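# Fold and contact review
Chain by chain, the residues run as shown.
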Amino acid sequence: MTNSSLAFLFLFLFCSTLTAAPSPAAAPLLQGTAASPAPAGAGPPNVISILNKDGRFTVFAKLLQSTKVDASLDSQLVDSNNGLTVFAPTDIAFSNLKTGTLNSFTDEQKMELVRFHVLPTHISASQFETVSNPISTQAGGNADLLAMNVTAVGSSVNITTGETNTTMSNVIFDDSQLAVYQVDKVLLPMRFYVPLPPPPPPPPSPKKPSAKAAPVYVAPVESSAGKWMYNYAMAGLVLVVAALT
Ligand SMILES: *[C@@H]1O[C@H](CO)[C@@H](O)[C@H](O)[C@H]1NC(C)=O
Ligand SMILES: *[C@@H]1O[C@H](CO)[C@@H](O)[C@H](O)[C@H]1NC(C)=O
Ligand SMILES: *[C@@H]1O[C@H](CO)[C@@H](O)[C@H](O)[C@H]1NC(C)=O
């Protein structure tokens, strides 16, 4: 072995000990980014800074900010003990959407979309094996097409919304309050694609001609009633005028 290849070997060993530095216990899921522990005494973790620190979630971070959902997540983390779970789609996930998808959403839909990526409780990667489906999101409950199903076997966690199927691919962050997971597709809620049910029909009008009857012209009730009232009023006016003269 030459000197330079020996030096290279040492450098390599040195670097691998550096990168293999203490891996926190909180990352039972998959290979990849180890969960970063919350810095001691730094207060509750902040979703935006976690995403921006990683660097691959800039579109999602901007959406969280433009919809102001980030502020409500921050205050939920302070006010509630339930914690939060965030499915963060990568920038590549957003660029893989059909062209114009995001722009076709109204502001309200963008907010709903962002909230759809947040679960109102902290769910650790191993807990996904036992959650019951469908899972409510911050956008809505089980029954309104704003929920998702998660199936997990060991370290493989699949998510389906009915519109999007994907896999949870990494733990970005997990303390006991906030879990941020990477997803490689934007989770689209069914609600955006299933037409809302039509508004309830107006109450039946009291005098509906029977469907079987031959089409007979029926004078509109209101107008004949109106005519009677008009006649009475005119008669009264004539009487008053007559009495005065
Ligand atoms: C997740 O989806 C993949 C692809 O559809 C499938 O092969 C796998 O069995 C699924 N895993 C679970 C845990 O459902
Ligand atoms: C989610 O799971 C529920 C209950 O198992 C099922 O009724 C529903 O069809 C599933 N939805 C999707 C989108 O897979
Ligand atoms: C998602 O997966 C389910 C079950 O594997 C499949 O029936 C469905 O067609 C898939 N949906 C999409 C949008 O890929």
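Refer to the structure above for everything that follows.
First things first, this report covers the structure right here in the doc. All figures in this text were calculated on a predicted structure; none of them were measured in a lab. (Residues numbered from 1 in each chain as written. Chains lettered and ligands numbered in written order. Predicted model: local features only at pLDDT ≥ 70, side-chain atom pairs only at ≥ 80, totals over all residues. Heavy atoms only, no water.)

Bridging between strand β3 (residues 135–136) and strand β4 (residues 147–153) involves two bridges; their strand directions are antiparallel. Note on β4: the bridge partner recorded for S136 is A147. In this sheet, strand β5 (residues 156–160) lies alongside β4 in antiparallel orientation, the contact comprising five bridges. Across the sheet, residue T151 finds its bridge partner in β5, namely N158. Taken together, β4 and the strand that follows it, β5, pair antiparallel across an intervening segment of two residues, in which G154 is found at a positive phi of about 60°. (Pairing = 2+ DSSP bridges. Helix = DSSP H or I, 4+ residues; strand = E, 2+ residues; numbered from the N terminus.)

In this section: the packing of helix α2 (residues 47–54) against helix α3 (residues 58–66). It is the contact of α2 with α3, at a shortest axis distance of 9 Å, that shows an interaxial angle of 155°. Judged on the interaxial angle alone, α3 and α2 are roughly antiparallel. When the axes of α2 and α3 are compared, the crossing they make is left-handed. Between α2 and α3, the contacting residues are V47, I48, L51 and N52 on the first element and F60, A61, L64 and Q65 on the second. Its residues placed into classes, the contact of α2 with α3 shows six nonpolar, two polar and no charged. (Axes fitted to C-alpha atoms, helices over the stretch in contact; angles between N-to-C directions. Parallel < 35°, antiparallel > 145°, perpendicular 65-115°, else oblique. Left-handed = near helix turned anticlockwise from the far one by under 90°. Contact = heavy atoms within 4.5 Å. Nonpolar A, V, L, I, M, F, W, Y, C, P; charged D, E, K, R; others polar.)

Counted under the stated rule, the structure contains five aromatic pairs. Relative to F192, the ring of F105 has its centre 4.9 Å away and its plane inclined at 70°; by these criteria the two rings are edge-to-face. Here F105 is found in the loop between α6 (101–104) and α7 (107–116), whereas its partner F192 is found in the loop between β7 (178–183) and α8 (221–244), with 87 residues between them in sequence. There is no split in this pair, since F105 and F192 are both buried. (Phe/Tyr/Trp six-rings, centres within 6.5 Å; stacked < 30°, edge-to-face > 60°. Buried < 20%, exposed > 50% of the residue type's maximum accessible area, 1.4 Å probe, protein only.)

All right, on to the site of ligand 1 then. Near ligand 1 you find T151, A152, V153, S156 and N158, and these make up its full shell. One of the side-chain nitrogen or oxygen atoms of T151 is found 3.2 Å away from an oxygen atom of ligand 1. If ligand 1 stood free it would expose 360 Å²; the protein chains cover 38% of that surface. Breaking the shell around ligand 1 down by element, the ones donating at least two residues are β4 and β5. Here the element with the most residues in the shell around ligand 1 is β4; it accounts for three residues. (Near = heavy atom within 4 Å. Polar contact = N/O pair within 3.5 Å; in protein donor to acceptor, adjacent residues only side chain to side chain. Areas by Shrake-Rupley, 256 points an atom, 1.4 Å probe, with all protein chains shown as cover.)

Turning to the nonpolar core, a few remarks are in order. Proteins that are soluble and globular tend to have nonpolar side chains buried together. Core analysis: the biggest nonpolar cluster contains 29 residues, and L51, F60, L64, L73, L178, V180 and V186 have the highest contact counts within it. Looking at this core, the elements that each hand over two or more residues are α2, α3, α4 (69–79), β1 (84–89), α5 (91–95), α7, β6 (165–174) and β7. Not counting the four nearest positions on each side in its chain, V186 is found in contact with P89, A93, F94, L97, L113, H117 and T164. Judged by nonpolar contacts, the second largest core, of 20 residues, contains A125, L146, V157 and I159. (Core = buried A, V, L, I, M, F, W, Y, C linked by side-chain atoms within 4.5 Å.)

Our focus in this paragraph is the pattern of salt bridges. Following the criterion strictly, the structure yields two salt bridges and no others. The salt bridge involving R56 is made with D54; its shortest N-O contact spans 2.7 Å. Residue classification places R56 among the partly exposed residues on the basis of a relative accessible area of 32%. Of the charged contacts, one joins E112 and R191 as a salt bridge, the two residues approaching to 3.0 Å between their closest N and O atoms. You can see E112 sitting in helix α7 and its partner R191 sitting in the loop between β7 and α8, a full 79 residues away along the chain. On the basis of relative accessible area, E112 is assigned to the buried category, the value being 14%. (Salt bridge = Lys/Arg side-chain N within 4 Å of Asp/Glu carboxyl O.)

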